[in-house]
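Spelled out from the first residue to the last, the chains are:
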Amino acid sequence: MQQIKLKKGLDIPMCGAAALTIGSINRPTVYKIVPDHYAGLTPKLMVKEGDQVKAGSPLFHDKQFAELIVTSPVSGKVVEINRGERRKVMFIGIKADIKTDYVQFDLKQNVKDLLLQSGLWAYIKQRPYDCIAMPSKQPKAIFVSTFDTAPLAPDYGFVLAGKGNFIQAGINALSELAPVYVGLQHNNKTTDFAALKNCTLYSVEGPHPAGNVGVQINHVAPIAKGETVFTVNIQDLAIIGQFFTTGQVKQERLVALTGDMAFEPQYFRILPGTPASAITHCNVRKDMATRIICGNVLSGTQITEDESLCYRCNQVSILAEGTEKHEFMGWLLPRFNDFNAKTTDPAKFLDNGLWYWLFGPKQYNWDARVKGGRRAIIVSGEYEKVFPMDIYPEQLIKAMIAGNIDKMEQLGAYEVAPEDFALCEYICTSKLPVQAIVKEALTNLKKEIE
Amino acid sequence: MEKFYQIWKRFGQNFQEGGKLSKLSSFYDAFDTFLFTPSTTARKIGSHIHDGNDSKRTMILVVLALVPALLFGMFNVGYQHFLATGEIVKGAMTCALFWKAFAFGLLAVLPYIIVSYLVGLGIEFVVAQIKHEEVAEGFLVTGFIIPLIVPIGTPLWMVAVATAFAVIFAKEVFGGTGYNIFNVALITRAFLFFAYPTHMTGDKFVRTQGTWGWDNNQALVDGFTGATPLTQLSTAETATYTMTDTLGNPIGFWDAVNGLIPGSVGETCIWAILLGAILLLMTGVASWKTMLSIFVGGGLVAFLFNIGGVDNAAANTPWYMHLVLGGFAFGAVFMATDPVTSARTECGKWIYGFLIGAMAIVIRVLNPGYPEGMMLSILLMNAFAPLIDWCVVRVNINKRLKRA
């Protein structure tokens, strides 16, 4: 088994990890499916208001690849098709039946067709471009990471307890598309992912972003120009495996509610289209401004209580907004209660040395403030410290800002996704919106190349 | 504090678009972010948490690192002055004399700090207002370094002109902090060096005239020469030469390390520079790779000259002396490590530093016209840093191309 040891990176200490319990939620009456969540897909509706759908019936398909469809997570009636500017579909509201009625698929067809028809293809992402896999591409490999190292990340050992057979079924199905590679956390004895068969296993050791599939691809099978690699999240893989076992599209998943602004951080069982309020209602501090993040605090998306959680969501983070803090001469304060990645503050020495020895791990204050103004890139070498890939991140970012396609290609733009740059954005002294830059550049790159 | 915040923000409304003082919005903004950390929060997409470290904190750390060199430099300015006038006799130092020397130095150096900040920040504010941007903090460091690297006898108006030239033509025309190719403080010095060469010769580094509150026409002691050790080396007529201080006593290694010798304000004391270096390295603001490789490069080339090849006073000076004399250490710690003008790849920093050290010694030894090679060598390598980076990145690109 290949062993990868990463030195670069950064683990961010936060409080508010989800307890290993599953909370009960009020089942929402209307599920809202948001086409915008499906990265790189332009929706063409296949239903209209008043239509009856089953769990697994098509809702819309992609404009470019008509065979790439998105299906309903529940059975019920399409009650609303909400459109925004220029008649863009904002969401499709489905009023769920009390008892879910599933479309029964015939599992005798080939894997790719089944995935496309069931709508589960949308769970497969691809590099380059970090979008939903294009059905026309032949991948050279499919990568699955079995762990997440982001702050307060869900524990997949707990999330997928008892679903080993589904994961194996998912791997068996996907291995008909391309060889499957599964990344294990080094020395993680609590999960039994190491027993998976029909795939190539490798183990990764190191701080965040060791669990990011992009980093793992870069070390195991780097993507060259013209190649495509598919990636699947481990929980999504279990959903795919369940489909190939039962022939029904059951998209139920566990999300972890995390963060010290949540009263009872724990896991919740949801379906795609569930509004955030279903799990945050009465469970988040109201005495101060907070933000709800679909995903982790490093690369998630801020949403309101009424908006739906993303269909690939594994974690919801609640973070203090911090707008009411007005630090007087903040540039001079030692900030003993703030975490500092670089040793730019004397606090770091105290925290890691004396403090740790006396009181154990320190609890830091976190909020959503940027804590500085945007500048040109000044400090050098800081991205490299948290970017464990064989890529020059600063040079690549500069090429992306300049929109230089040739340079981006040469510097490895095909291998990266915004989430790989999350720590760069966190650490950036010049406060650049690094992930937004990468996202926009990849979208443009896709437009130019494809 | 909350009350002050409210008053300050209400005052700030005057500076907004359409307000009475909207022409000065960058000015207000600079003070606003100086007083209160901005409470703008992260975007909807991207990282929601950010490190507390920003441009202001980084720059202020460099300024802090420069403080020991400044304080020692102030004392040394006064010390050298009173040595020249005979009020301090070498080896006899009392507490009163110490403070007298420091006070003289303080009053002599302070005008340079004020002039450099007024001129430089003034230009920064105006440019920021024209471009409708926030005022960048880069000049906080530049403005602090300038007084430390110009001869203490330079007329103030020359410093003002040189600072203005450097900020406008070495920085703002390129786009401001972060886009400049050459180190702005060094351009200031280079401008003085080439525009007013008679004021930059090696014997102008001791303040012989008075300063605020001190008599202007003091008699100098017999046998006084203001020449810095490196000037002495470059003008020496014999191939083996013993450097002396202003009164003719020989200077050894530890004299150069302790720094009670004539030179630019900040450059003489290695201990003070070392303190700054420790702070910069501990906090990760400056690159240890650049610093180390400069000393390795300089030491190695000086050692090669020691062995043979060239036979002049500079070449025969022991290699370890080269590393502690003149601006070598100061340049290595504070000037070459400027991230904007230095090589930006980690591998490139080794090459960049090594070549700076090597070139500095080569200039010292082979070019008697410029007794101090550090300034020219850093500026030269500033110009080559992008090329070094290009080569380093090219290796990565070629590796990727081979995979395809």
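If you're wondering where the values come from, they're calculated on a predicted model, not measured in any experiment.

Novice: What's the story with the environment of Ser25(B) in this structure? I'm lost.
Specialist: Residue and element names in this part refer to chain B. Position of Ser25 among the secondary structure elements: in helix 2 (residues 25-35). Residue Ser25 is classed as buried on the basis of its C-beta count, with 20 C-beta atoms lying within 10 Å. Between the C-alpha atoms of Ser25 and Gln13, which are 12 residues apart in sequence, the distance is 9.7 Å.

Novice: Could you clarify how one ought to interpret helix 16 (residues 374-403) of chain B in this entry?
Specialist: In this model, helix 16 of chain B (30 residues) spans 42 Å end to end at C-alpha, consistent with the 44 Å of a helix rising 1.5 Å per residue. Helix geometry: helix 16 of chain B is bent most strongly at Phe384(B), by close to 40 degrees, with proline Pro386(B) lying one to four residues after it.

Novice: Even after reading the chapter, I still don't get helix 12 (residues 434-449) of chain A, so can you show me in this structure?
Specialist: All names here are of chain A. In this model, helix 12 (16 residues) spans 22 Å end to end at C-alpha, consistent with the 22 Å of a helix rising 1.5 Å per residue. When helix 12 is considered as a whole, its buried residues turn out to be Val434, Gln435, Val438, Lys439, Ala441 and Leu442. Considering only its buried residues, helix 12 is in contact with helix 9 (393-402), helix 10 (405-411) and helix 11 (422-427).

Novice: Help me understand the packing of helix 3 (residues 164-174) of chain A against helix 5 (residues 234-246) of chain A in this model?
Specialist: How two helices pack is summed up by the angle between their axes together with the distance between the axes. All names here are of chain A. Where helix 3 meets helix 5, the axes come as close as 7 Å, and the angle between the chain directions of the two elements is 85 degrees. Viewed along their axes, helix 3 and helix 5 adopt a mutual orientation that is roughly perpendicular. Residues Phe166, Ile167, Gln168, Ala169, Gly170 and Ala173 of helix 3 form the contact with helix 5, whose own contacting residues are Leu237, Ala238, Ile240, Gly241, Gln242, Phe244 and Thr245.

Novice: Explain unusual backbone geometry here, please?
Specialist: Backbone geometry follows two general trends: most residues other than glycine have a negative phi, and most peptide bonds adopt the trans configuration. Residues and elements named next belong to chain A. The amide bond that connects Arg127 to the next residue, Pro128, takes the cis arrangement and shows omega of -5 degrees. The linkage connecting His208 with the following residue, Pro209, adopts the cis geometry, with an omega of 5 degrees. In this fold, Pro209 is placed in the loop between strand 14 (200-205) and helix 4 (213-220). Of note, Arg86 is a non-glycine position whose phi angle comes to about 50 degrees, a positive value. Take Arg86: it is sitting in the loop between strand 8 (76-83) and strand 9 (89-96). Given 5 C-beta atoms within 10 Å, Arg86 falls into the exposed group.

Novice: Just to check I follow, could you spell out the sheet that holds strand 3 (residues 30-33) of chain A for this structure?
Specialist: By way of backbone hydrogen bonds, the strands of a sheet pair with one another, either parallel or antiparallel. Residue and element names in this part refer to chain A. Spatial strand order, 3-9-8-5: four strands in an open sheet with antiparallel pairing. A single partner strand is all that each edge strand has here, and the edge strands are strand 3 and strand 5 (52-53). As judged from the four bridges shared by strand 3 and strand 9, these two strands associate in the antiparallel manner. Across the sheet, the residue bridging to Val30 is Lys95, located in strand 9.

Novice: How do you make sense of the interface of chain B and chain A when you look at a structure like this?
Specialist: When the parts come together, some accessible area is lost, and that loss is often what is quoted as the size of the interface. With 52 residues of chain B at the contact, the number on the chain A side is 62 residues. Elements with a minimum of two residues in the side of chain B that touches chain A: helix 2, helix 3 (55-85) and helix 16 of chain B. For the side of chain B that touches chain A, the leading source of residues is helix 3 of chain B, giving six residues.

Thresholds applied
Residues numbered from 1 in each chain as written. Chains lettered and ligands numbered in written order. Predicted model: local features only at pLDDT ≥ 70, side-chain atom pairs only at ≥ 80, totals over all residues. Helix = DSSP H or I, 4+ residues; strand = E, 2+ residues; numbered from the N terminus. Buried ≥ 20, exposed ≤ 12 C-beta atoms within 10 Å, placed from the backbone. Expected span 1.5 Å × (residues − 1). Bend = angle between axes of the 7 residues up to and from the residue. Contact = placed C-beta atoms within 7 Å. Axes fitted to C-alpha atoms, helices over the stretch in contact; angles between N-to-C directions. Parallel < 35°, antiparallel > 145°, perpendicular 65-115°, else oblique. Pairing = 2+ DSSP bridges.

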